[in-house]
Structures are given as C-alpha cells and as structure tokens.
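Residues per chain are reported as follows:
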Amino acid sequence: MTGKFITFEGPDGAGKTTQMKRAAQALQEKGYEVILTREPGGTEIGESIRSILLDPQNRMSHRTEALLYAAARAQHVEELILPALQAGKVVLCDRFADSTLAYQGYGRGINLNLLNIVNSLAIGSLKPDLTIILDLDPQVGLNRIRNKRLAVAGETEDRIEMEKVEFHQRVREGFLSIALQDPGRYKIIAAGMDEDKVFEKVMACINGVFS
Ligand SMILES: Nc1ncnc2c1ncn2[C@@H]1O[C@H](COP(=O)(O)OP(=O)(O)OP(=O)(O)O)[C@@H](O)[C@H]1O
Ligand SMILES: [Mg+2]
C-alpha cells in the first residue's frame, strides 16, 4: 500500500470539516492526489445508511446503531478507501473506527472488546497512518454547530447531536483515553484556538507522516 490514510476525530463541532478542507487544499498544492471523505458515508450505500443513522425520527437500539456504522464503514473501506490507497492517494477521512469506540463504547456503554471485533470485521487490518483528534469542550462544539445551523434556514440537529451534554462529555473523554493507547498514531490538538492556529498544528502533524 503506497498512499496515506489520515483520519480526523473529535466531538461534534470541533472543526473537523473546516480543517480537513484546508489540509486537502494544502496537500493538493504540494502535488498530492487527495480524497476527502466522511463517515458514515463516502459511498452510495454509506450515505443511505447515514440518513437512517442521523434521522431524529428514528428510535434505534444502541446495538443497531453500532452495527449500522460498521456496515457503512465496511463498504467505505472496500469500495473507496483501499482502492484509493492502493493507487497512492492521500485519503482524509472525517471520522472512522475510533468514533465507534468513543460514541457507541464510551458514549452508549457498549462493551469495547465487542466493538473492537465489529471494527475488525469492517476494516480488516487497515489502520490509519495518523489520527488527529480535535479536542474541544463539547458544549463549545455544540454551540458552534447551533450557530452554524441558525445561518442555514430549516436545518435541525441530527440524532446524535441531540444527545445530552453528559453523553458528549463521555465521548470526549473516550477519545482522550483511546489516544493514550497509541501516542505514535494519535495526535491530540486543542481545537478551541482560532482556526488558523489549529490549522498550523494540523499541518505539522500531517507533515510528520510524509517526512
Ligand atoms: N477554531 C475555530 N474557532 C471557532 N469556530 C470554528 C473553529 N473551527 C471551526 N469553527 C466553526 O464551527 C462550526 C463547526 O465547524 P466544523 O463544521 O468544521 O466542525 P465539525 O467537527 O466538522 O462538526 P460536525 O461534527 O458537526 O461535522 C463551523 O461553523 C465552523 O466555521
Ligand atoms: Mg463536519
């Protein structure tokens, strides 16, 4: 495998989409072929699963939720991520397997060993070269999202964003615990700083992967 696989994780509203777009542009300017993708989603099947997962009308069991995320991920890996990496591209992915551990594990309380097995089924031996965790107080992130939504008439919160702040706190702590297990792969960046400062740190981490 010749490409690079970089995932972005962190609470809702931490700035993943903002930073990924900027990173993609910077890498393209350096001559890399970049694929920007997201979970759940990234493929037609994945986007269909995404709409089921995020629909606030759906009352869903936690296990169904975990398995649907994994199903979308399996399709994503096989159809898009692996072929892109094999073609030497840089894949920037908005959320990946660690979100399952943080949200369905630390957030919902599903056994982490079981989730690791589900993740292995979905991704096989694929492991990101780098996982950037944008760390932010979840209340700040949720406020950012609410402000963003106010600017777009008719947009409402999705099923996960609607969870109470304690849930999002557990998710945040979850990401930090996961990162401790492999400091080589995970880089934690404080995402409360202004966008340009966060971007400097993001690019420093990404440049490390190419050096
Ligand atoms: N460093 C920052 N400081 C203040 N506001 C920011 C910062 N980074 C991003 N924002 C703003 O916060 C909002 C959420 O950012 P963004 O959509 O990039 O987050 P996200 O992590 O992708 O969120 P989601 O989990 O909802 O996809 C946007 O309106 C964005 O412009
Ligand atoms: Mg986003």
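What you are looking at is a predicted structure, and each value in this text was computed from that prediction instead of being measured.

Caption draft 1: Here's a closer look at helix α3 (residues 62-86). Along its 25 residues, α3 runs 34 Å from first to last C-alpha, staying within 8% of the 36 Å computed at 1.5 Å per residue. The sharpest bend along α3 comes to roughly 45°, located at V77. Among all positions of α3, only E65, A66, L68, Y69, A70, A72, R73, H76, V77, I81, A84 and L85 are buried. Immediately downstream of α3, the backbone of G88 shows phi near 85°, a positive value.

Caption draft 2: Spatial organisation of the UniProt feature "domain: Thymidylate kinase-like" (unreviewed entry) in the protein. UniProt tags residues 8-201 as "domain: Thymidylate kinase-like" (unreviewed entry). A distance of 13 Å separates the end C-alpha atoms of residues 8-201, which is 56% helix and 12% strand.

Caption draft 3: Looking closely at the side chain of E65. Relative to the elements of secondary structure, E65 occurs in helix α3. E65 has contacts with L53, M60, Q104, R108, R159 and I160, leaving out every residue within four places of it along the chain.

Caption draft 4: Representation of the sheet that holds strand β3 (residues 90-94) in the model. Taken together, the five strands give an open sheet; going across it, the order is β2-β3-β1-β4-β5, and neighbouring strands pair in parallel fashion. In the strand order of this sheet, the two ends are held by β2 (34-38) and β5 (186-190), each with one partner. The average angle at which neighbouring strand axes cross in this sheet is 20°, direction not considered. Examined bridge by bridge, β2 and β3 share five bridges and lie parallel to one another. For I35, the partnering residue across the bridge sits in β3 and is V91.

Caption draft 5: Spatial organisation of the packing of helix α1 (residues 16-29) against helix α8 (residues 195-210). Relative to each other, α1 and α8 sit at 50°, their axes nearing to 10 Å. Taken together, the axes of α1 and α8 lie oblique to each other. Helix-helix and strand crossings are classified by hand; for α1 and α8 the assignment is right-handed. Between α1, through T18, Q19, R22, A23, A26 and L27, and α8, the contact on the second element is made entirely by E195, D196, V198, F199, V202, M203, I206 and F210. Considered class by class, the residues forming the contact of α1 with α8 number nine nonpolar, two polar and three charged.

Caption draft 6: Focus on the site of ligand 1. Around ligand 1 there are 16 residues in total, and K16, T17, T18, K148 and M193 lie nearest to it. Interatomic distance of 2.7 Å between a side-chain N/O atom of K16 and an oxygen atom of ligand 1. With respect to ligand 1, the side chain of T18 contributes an N or O atom lying 2.4 Å from an oxygen atom. In isolation ligand 1 has 630 Å² of accessible area, and contact with the protein removes 75% of it.

Caption draft 7: Just the side chain of R73, in detail. Relative to the elements of secondary structure, R73 occurs in helix α3. One polar contact links the side chain of R73 to the main-chain carbonyl oxygen of F96, over a distance of 3.3 Å. Among the polar contacts listed, one links the side chain of R73 to the side chain of T100, at a separation of 2.9 Å. Non-local contacts of R73, meaning those with residues more than four positions away in its chain, are made with E39, F96, A97, T100, N119, A122 and I123.

Reading guide: rules and limits
- Residues numbered from 1 in each chain as written.
- Chains lettered and ligands numbered in written order.
- Predicted model: local features only at pLDDT ≥ 70, side-chain atom pairs only at ≥ 80, totals over all residues.
- Heavy atoms only, no water.
- Helix = DSSP H or I, 4+ residues; strand = E, 2+ residues; numbered from the N terminus.
- Expected span 1.5 Å × (residues − 1).
- Bend = angle between axes of the 7 residues up to and from the residue.
- Buried < 20%, exposed > 50% of the residue type's maximum accessible area, 1.4 Å probe, protein only.
- UniProt positions renumbered as here; feature names shortened; annotations may be inferred.
- Contact = heavy atoms within 4.5 Å.
- Pairing = 2+ DSSP bridges.
- Axes fitted to C-alpha atoms, helices over the stretch in contact; angles between N-to-C directions.
- Parallel < 35°, antiparallel > 145°, perpendicular 65-115°, else oblique.
- Left-handed = near helix turned anticlockwise from the far one by under 90°.
- Nonpolar A, V, L, I, M, F, W, Y, C, P; charged D, E, K, R; others polar.
- Near = heavy atom within 4 Å.
- Polar contact = N/O pair within 3.5 Å; in protein donor to acceptor, adjacent residues only side chain to side chain.
- Areas by Shrake-Rupley, 256 points an atom, 1.4 Å probe, with all protein chains shown as cover.

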